[in-house]
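# A structural walkthrough
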Amino acid sequence: LGRRINSAVSDLTRSATLDEKAFDNMIKEICSALLEADVNVKLVGTLRKSIKQSVNFKELPAGVNKKRIIQKAVFDELVKLVDPHAEPFKPKKGRANVIMFVGLQGSGKTTTCTKLARWYQTRGFKACLVCADTFRAGAFDQLKQNATKAKIPYYGSLTQTDPVIVARDGVEKFKKERFEIIIVDTSGRHRQEQELFDEMVQIQGAVKPDQTIMVLDSSIGQQAEAQSKAFKASADFGAIIITKTDGNASGGGAISAVAATHTPIVFIGTGEHMLDLERFAPQAFISKLLGMGDMQGLVDHVQSLKLDHKDTMKHIAEGVFTVRDLRDQLSNIMKMGPLSKMAGMVPGLSQMMGSMDDEEGSMKLRRMIYICDSMTIKELDSDGKVFVEQPTRITRVAHGSGTSVREVEDLLSQHRMMAHMAKKMKGNMANMQRAQGAM
Ligand code: GDP
Ligand code: MG
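All figures in this text were calculated on a predicted structure; none of them were measured in a lab.

## Re the overall build of the chain
The number of helices and strands found in the chain is 21 helices and eight strands. In the chain, of all internal contacts separated by at least 6 residues, the share reaching a separation of at least 24 is 74%.

## Thoughts on the packing of helix α7 (residues 163-176) against helix α8 (residues 193-207)
As a packed pair, α7 and α8 sit with axes 9 Å apart at the nearest point and diverge in direction by 25°. Classified by the interaxial angle, the pair formed by α7 and α8 is roughly parallel. α7 and α8 meet at a crossing whose hand is right-handed. Where α7 approaches α8, its residues Pro163, Val164, Ala167, Arg168 and Val171 are matched on the opposing element by Glu199, Gln202, Ile203, Ala206 and Val207. Residues belonging to the contact of α7 with α8 are distributed by class as follows: seven nonpolar, one polar and two charged.

## Some words on the site of ligand 1
Looking at ligand 1, there are 19 residues lining it, with Gly108, Lys109, Thr110, Thr111 and Gly269 nearest. Looking at the shell around ligand 1 element by element, the count peaks at four residues for helix α5 (residues 109-122). When the residues that make up the shell around ligand 1 are grouped by side-chain class, the tally is no nonpolar, 14 polar and five charged.

## Examining the UniProt feature "domain: SRP54-type proteins GTP-binding" (unreviewed entry) in the chain
Those places that UniProt annotates as "domain: SRP54-type proteins GTP-binding" (unreviewed entry) correspond, in this numbering, to residues 264-277. Between the first and last C-alpha atoms of residues 264-277 the distance is 16 Å; the span itself is 0% helix and 43% strand.

## With respect to the sheet that holds strand β8 (residues 277-279)
Strand order in the open sheet made by the eight strands is β3-β2-β4-β1-β5-β6-β7-β8, with mixed pairing throughout. One side of each edge strand has no neighbouring strand; the edge strands of this open sheet are β3 (154-155) and β8. The sheet contact formed by strand β5 (residues 211-217) and strand β6 (residues 239-243) spans five bridges and is parallel. Paired with isoleucine 213 across the two strands is alanine 239, which belongs to β6. Each of β2 (127-132), β3 and β4 (181-186) is contacted by helix α6 (residues 139-150), which is oriented at about 170° to β2, the strand it contacts most.

## Quick notes on unusual backbone geometry
The backbone of lysine 244 shows a phi angle near 60°, a positive value even though the residue is not glycine. Within the secondary structure, lysine 244 is located in the loop between β6 and α10 (252-261). The backbone of histidine 262 shows a phi angle near 50°, a positive value even though the residue is not glycine. Tracing the sequence through the fold places histidine 262 in the loop between α10 and β7 (265-269).

## Looking at the nonpolar core
Leu129, Val130, Ile182, Ile183, Val184 and Ile240 are the most contacted members of the largest nonpolar core, which totals 79 residues. Two domains each put at least three residues into this core: domain 1 (2-82) and domain 2 (97-287). Ignoring any residue separated from it by four or fewer positions in sequence, one finds valine 130 in contact with Tyr155, Ala167, Gly170, Val171, Ile182, Ile183, Val184 and Asp185. Core analysis: the next-biggest nonpolar cluster, separate from the first, contains 21 residues, Ile316, Ile394, Val397 and Leu412 among them.

## Focus on the pairing of strand β1 (residues 97-102)
Among the six residues that make up β1, six are buried, leaving the element largely enclosed by the rest of the structure. Taking every second residue as pointing to the same face, both faces of β1 are buried, with Asn97, Ile99 and Phe101 on one and Val98, Met100 and Val102 on the other.

## Considerations on α5
Here α5 is 14 residues long and its end C-alpha atoms lie 20 Å apart, about the 20 Å a rise of 1.5 Å per residue gives. With 11 of 14 residues buried, α5 is to be regarded as a mostly interior element. Among all positions in α5, only Lys109, Thr110, Thr111, Thr112, Cys113, Thr114, Lys115, Leu116, Ala117, Arg118 and Trp119 are buried. Among the residues trailing α5, glycine 124 stands out with phi positive, at a value near 90°.

## Some points on the packing of helix α2 (residues 20-36) against helix α3 (residues 41-54)
With their axes 10 Å apart at the nearest point, α2 and α3 run at an angle of 150° to one another. On the basis of the axis angle, α2 is roughly antiparallel to α3. Between α2 and α3 the crossing geometry is right-handed. Only Val41, Val44, Leu47, Arg48, Ile51 and Lys52 of α3 make contact with α2, whose side of the interface consists of Ile27, Cys31, Leu34 and Leu35. Class assignment for the residues of the contact of α2 with α3 results in eight nonpolar, no polar and two charged.

## As for the environment of phenylalanine 231
Tracing the sequence through the fold places phenylalanine 231 in helix α9 (residues 224-234). Distance in space between the C-alpha atoms of phenylalanine 231 and valine 102 is 8.2 Å, their sequence separation being 129 residues. With residues near it in sequence (within four places) discarded, phenylalanine 231 still touches Val102, Met214 and Phe237.

## Overview of the confidence of the model for the chain
Of all residues in the chain, 78% have pLDDT values of 70 or greater, and the mean over the chain is 81. A low-confidence stretch, residues 293-302 (pLDDT under 50), is modelled with 16 contacts involving residues beyond four sequence positions or located in other chains. Every residue in residues 435-439 scores below 50 in pLDDT, and together they form five contacts with partners more than four places removed in sequence or on other chains. The complex model carries a pTM of 0.67, and its ipTM stands at 0.99.

Reading the values: the criteria
Residues numbered from 1 in each chain as written. Chains lettered and ligands numbered in written order. Predicted model: local features only at pLDDT ≥ 70, side-chain atom pairs only at ≥ 80, totals over all residues. Helix = DSSP H or I, 4+ residues; strand = E, 2+ residues; numbered from the N terminus. Contact = placed C-beta atoms within 7 Å. Axes fitted to C-alpha atoms, helices over the stretch in contact; angles between N-to-C directions. Parallel < 35°, antiparallel > 145°, perpendicular 65-115°, else oblique. Left-handed = near helix turned anticlockwise from the far one by under 90°. Nonpolar A, V, L, I, M, F, W, Y, C, P; charged D, E, K, R; others polar. Near = placed C-beta within 6 Å. UniProt positions renumbered as here; feature names shortened; annotations may be inferred. Pairing = 2+ DSSP bridges. Core = buried A, V, L, I, M, F, W, Y, C linked by C-beta atoms within 7 Å. Buried ≥ 20, exposed ≤ 12 C-beta atoms within 10 Å, placed from the backbone. Domains from an automatic or database assignment. Expected span 1.5 Å × (residues − 1). pLDDT = per-residue confidence, 0-100.

Structure below.
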């Protein structure tokens with residue numbers, strides 16, 4: 001999608017006559033790219049109008065960078081769509097906060113509820129899980145396994161077949177034990193759709209959740225609108241989690257779900273591991289959707305600066321990206337000057353920098369480098385999995401570098417994202433190098 005939109009914009013700026021007709025054609029091209037990325041048809045129509053309105057082509061002064069203005073307009077309109085402008089649910093310490101998950105089977109509920117419980121656990125909440133999926137054989141086993149790995153207390157039953165009773169009993173038990181975050185996992189499939197919706201309503205009635213979250217697979221596509229509306233009509237959820245954003249799906253469906261239900265996305269799932277959960281950041285999500293976090297651009301830039309990148313280039317060509325490669329890139333970025341300029345080029349960097357200015361940004365980068373420097377050689381040269389296998393390493397590194405667990409986790413998820421892209425780029429880079437005869 002990003003490539004198509006960017007090339008539509010490039011075509012316009014390249015064409016000799018930069019007239020209104022060319023501009024209209026470009027908008028048409030962008031809209032069809034959005035449709036292809038499964039953004040809802042009606043939404044694309046609205047978007048088209050607002051882009052045309054916000055870029056008043058006739059009145060653009062001569063000499064301005066039209067490409068940038070148009071790109072920015074597309075970006076801003078999409079961000080507006082997913083930005084809820086509402087405070088997300090904030091659980092309170094010292095009392096029970098019940099969170100119920102709903103969503104179709106396979107959307108990622110069971111995986112994500114463990115991730116979320118762990119998220120709160122590392123932030124000082126006493127968290128636990130209740131398995132109210134009595135429909136699917138093996139559902140309780142799956143939750144039990146995940147919870148055990150994450151050291152999170154859980155409740156479920158192998159004999160009780162009524163999910164409403166299991167949910168109520170589990171929540172009651174954990175409330176008595178003074179748990180602060182009680183997450184209720186539910187079933188996603190039934191013989192009949194209506195049965196599923198009835199069950200959700202009954203469980204909601206029994207456990208009275210403080211928040212209901214709908215889990216949506218990012219590859220849902222054009223069905224996103226209908227599905228999220230159907231769920232909203234029965235189990236009125238107050239938040240959405242989008243899973244599998246690490247996959248190939250373009251995520252346009254997610255935008256449609258938000259727009260159709262006026263419900264904020266609170267987290268995104270970025271992989272199968274327990275740590276692969278990130279707070280939803282509208283700008284970063286849209287950058288990724290539009291392909292603006294441009295790894296290739298970074299590689300070109302690093303190459304042109306003749307910085308210390310030999311090993312990294314070789315690694316990327318092999319589809320590998322170690323934690324040390326990330327450290328080298330961070331220190332290169334420090335050398336390259338204005339961070340605000342670099343932010344667009346490094347995937348995730350603009351999200352990381354948020355609204356920080358250059359000074360705060362370079363402080364943050366420095367802290368990331370401290371984190372790397374507190375790692376052992378083995379950890380630095382690893383693919384990062386050792387931290388998932390032994391989470392105590394994270395605590396040790398945080399202590400050693402004078403940073404927080406959260407910062408170390410952020411660095412590791414940044415690394416995972418770049419390693420994932422390196423894997424994808426493997427073929428491209430090998431070809432590029434062959435063509436250049438370099439290295
Ligand atoms: P449920 O039926 O809704 O409970 O879904 P599950 O939690 O069982 O997940 C279904 C599948 O999706 C499992 O294989 C999970 O490992 C996988 N999954 C869930 N979230 C993610 C994610 O963010 N990324 C990836 N790659 N896989 C995920
Ligand atoms: Mg499940």
